[in-house]
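Observations on the three-dimensional arrangement
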Amino acid sequence: MANAASGMAVNDACKLKFLELKAKRNYRFIVFRIENQEVVVEKLGSPDETYDDFTASLPANECRYAVFDFDFTTDENCQKSKIFFIAWSPDTSRVREKMVYASSKDRFKRELDGIQVELQATDPSEMNHHI
């Protein structure tokens, strides 16, 4: 269903793959792109892929959306996980592309129920997993 404000549709596979990441932990990350006025899945990261694999899958000069399932251990030695939503918008990407991704972000994010942290990043240092 296209959003009146941005004219953007969200492919059902985006929601289905996100639910698999959240509930079944089938994926470490998912990278999404906008293609023909629709958000589609571009890449699925297997559970054994790392954060470095994830950052390497983001193009240096094009915008993307992504989710990353981040595992960590608390000070009390408990295993935890948080799902990050990343709006990837490198400085070198085209202005029009940045505008399209920015105007569609909130609507797309609402389709993905269970996002715990949101990051806006223009280069890899802005989404360091130590943040």
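Scroll up to find the structure this text is about.
None of the values given here were measured: they were computed from a predicted structure.

Taken as a whole and judged by the stated rule, the model has zero disulfides. No disulfide involves Cys14; its sulfur sits 16 Å from the nearest other cysteine sulfur, which is in Cys63. Here Cys14 falls in the buried class, since its relative accessible area comes to 0%. Cys63 sits in the buried class, given a relative accessible area of 0%.

Before going further, it helps to spend a moment on the pairing of strand 3 (residues 38-45). The side chains of a regular strand alternate between the sheet's two faces. Of the strand pairs in this sheet, strand 1 (residues 9-10) and strand 3 are connected by two bridges, and their pairing is parallel. Directly across from Val10, in strand 3, lies its bridge partner Val39. Linking strand 2 (residues 29-35) to strand 3, which pair antiparallel, is a turn of two residues; within it Asn36 sits at a positive phi near 50°.

The next thing to look at is helix 3 (residues 95-111). For helix 3, which comprises 17 residues, the first-to-last C-alpha distance of 25 Å matches the rise-based estimate of 24 Å (1.5 Å per residue) to within 8%. Along helix 3, the helix axis deviates most sharply at Lys105, where the bend reaches about 45°. Glu97, Val100, Tyr101, Ser104, Lys105, Arg107 and Phe108 are the residues of helix 3 that are buried.

When you tally the buried positions in strand 2, you get five out of seven residues, the bulk of the element. Sheet analysis places strand 2 next to strand 3, joined by seven bridges and oriented antiparallel. Considered in strand 3, the bridge of Phe32 is made with Val41. Where strand 2 lies against strand 4 (residues 64-73), four bridges are found, and the strand directions are antiparallel. From the neighbouring strand, Phe32 faces strand 4, where its bridge partner is Tyr65.

About the criteria used
Residue positions are given per chain, counting from 1 as you read along its sequence in written order. The model is predicted, so local features are restricted to residues of pLDDT at least 70 and side-chain atom pairs to those at 80 or more, both for listing and for counting; the totals for chains, interfaces and linings are taken over all residues. Side-chain metrics rest on all non-hydrogen atoms present in the structure, leaving aside hydrogens and water. Disulfide assignment relies on a single distance test, namely cysteine sulfur atoms paired within 2.5 Å. Partly exposed describes any residue whose relative accessible area lies between the buried limit of under 20% and the exposed limit of over 50%, with all areas from a 1.4 Å probe on protein chains only and scaled to the type maximum. Whether two strands pair comes down to DSSP finding at least two bridges between them. Helix numbering and strand numbering both begin at the N terminus, where a helix is a DSSP run of H or I of at least 4 residues and a strand a DSSP run of E of at least 2. A helix is expected to span 1.5 Å multiplied by its residue count minus one. Bend angle per residue: angle between axes fitted to the 7 residues ending at that residue and the 7 residues starting there.

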